[in-house]
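What the coordinates show
Below, each chain spelled out in residue letters.
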Amino acid sequence: MIKLIKSNFSRLWKSKIFWLGMIFMFGMGIYAVISRYTEVNKKPEYSYDMEDLLFSGCMFMIVIAAVFIGLFIGTDYHNGTIRNKLIVGHTRTEVYFSNFIVCISALLMMHFAYFIPVIGVGFPLVGNSASAGSLIKLTLISIATLISLCSIFLLISMLIHSKSNASVTAIIISVLFLLSAMMIQNKLDGPEYYEDYDYVYTDEEGTIHEEHIDREKNYDYVDGTKRKVYEFLYDFLPGCQMLQITQQNPENPERLPIYSFSIIVVTTACGIFFFRRKNLK
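Starting afresh in each chain, residues are numbered from 1 along the sequence in its written order. Where local features are concerned, this predicted model is filtered to residues with pLDDT of at least 70; where side-chain atom pairs are given and counted, the filter is 80 or more; whole-chain, interface and lining totals use all residues. With hydrogens and water stripped out, all remaining heavy atoms of the structure feed into the side-chain values.

Focus: the overall build of the chain
Check the secondary structure of the chain and you find 10 helices and 4 strands. Helix numbering and strand numbering both begin at the N terminus, where a helix is a DSSP run of H or I of at least 4 residues and a strand a DSSP run of E of at least 2. Listing each helix as α and each strand as β along the chain from the N terminus yields α-α-α-α-α-α-α-β-β-β-β-α-α-α. In the chain, buried positions account for 44% of the 281 residues. Here a residue-residue contact requires only that any non-hydrogen atoms of the pair lie within 4.5 Å. For the chain, the share of sequence-separated contacts (at least 6 apart) that also reach a separation of at least 24 residues comes to 79%. When the accessible area of the chain is evaluated, it comes to approximately 15,100 Å², of which 62% is carbon and sulfur surface. Remark: exposure states derive from per-residue accessible area (1.4 Å probe, protein chains only) relative to the maximum for the residue type, with buried under 20%, exposed over 50%, and partly exposed in between. Here the accessible surface of atoms and residues is derived via Shrake-Rupley with a 1.4 Å probe, and residues count as covered only by protein chains that are part of the display.

Structure (structure tokens):
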């Protein structure tokens, strides 16, 4: 399998989509530093730091992972490389794991390409008030989540023979991850009651009116079993995990790596099982 991994890395260094991902994430890191430094100069009376932007790149990685893996693995199918690997004696399990290792490595390099300007330039230039321990913990959680995303998109790309179909399917799923994360968070953040308040308005004749709105129940509030399901999905789904990491406020940080590991095990086992039975002719 070492030869397969070396071959995949050799192809990775020549991959345009890989280098575009690296440049994009590095550029987003530079943009984060410049935007925060501009805020500091415009409003020097306020206290600013950089750690709240350190994980802003996580949400981008959801779509980037889908695009990269779909095209990188799809090109292997398109060029007949996967079939050639099997012809020369490599097993399907070795092919699957070698692709998994290289895809994970590529995504992690893109992930850390964002960190380089933020930590290397932003932290010294703007400042950082968060503890190193909390940032390291969130970084490790983000790595686990990224690997789980890799395992999902690799499963899709290894089982769909067409490069275009695999890429489109992976991108659609990545968008669903993003939308579901925002929807679930919105549901969970909704208040159970709307507090009372005074409403002041002016009518067409210019008369000022004041009304007192009493405290009332929010009928869209999610509670009971439904809320527990939403809370589980909020911790389990990779898109929801990335949203929590981006906001640096995971409610159950110890659960996220466990859920990620379970996704990695299940999707990888399913991927190998079905890939070993897939007709590559």
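So, the environment of Phe100
Residue position: Phe100 is located in helix α5 (residues 92–126). Of the residues examined, Phe100 reaches a relative accessible area of 8% and is grouped as buried. Taking C-alpha positions, Phe100 is 8.8 Å from Thr268, a pair spaced 168 residues apart along the chain. Sequence-distant contacts of Phe100, defined by excluding residues within four places in its chain, comprise Ile147, Cys150, Ser151, Leu154, Ile264 and Thr268.

A word on the packing of aromatic side chains
Between the rings of Phe, Tyr and Trp (Trp by its six-membered ring), a pair exists once the centres lie within 6.5 Å; its type follows the angle of the planes, with under 30 degrees stacked, over 60 edge-to-face, and the other angles tilted. Under the defined criterion, the tally for this structure stands at 15 aromatic pairs. Residues Phe55 and Phe115 carry aromatic rings whose centres are separated by 5.7 Å and whose planes lie at 90° to one another, so their mutual orientation is edge-to-face. Of this pair, Phe55 sits in the loop between α2 (16–42) and α3 (58–78) while Phe115 sits in helix α5, and the two are 60 residues apart along the sequence. Each member of the pair, Phe55 as well as Phe115, carries the same accessibility label: buried. Between Phe68 and Phe72, the aromatic rings sit 5.2 Å apart at their centres with planes inclined by 20°, giving stacked as the arrangement. On the criterion of helical spacing, the pair formed by Phe68 and Phe72 is a turn pair, its members being 4 residues apart in helix α3. Note on accessibility: Phe68 and Phe72 belong to one class, buried. A network of ring pairs unites the aromatic residues Phe9, Trp13, Phe18, Trp19, Phe68 and Phe72 as a single cluster. Remark: a charge is flagged as sitting over a ring if the NZ atom of Lys or the CZ atom of Arg is within 6 Å of the ring centre and within 35 degrees of the ring normal. In this structure, Arg11 is placed above the aromatic ring of Phe72, and the distance from its NZ or CZ to the ring centre is 3.9 Å.

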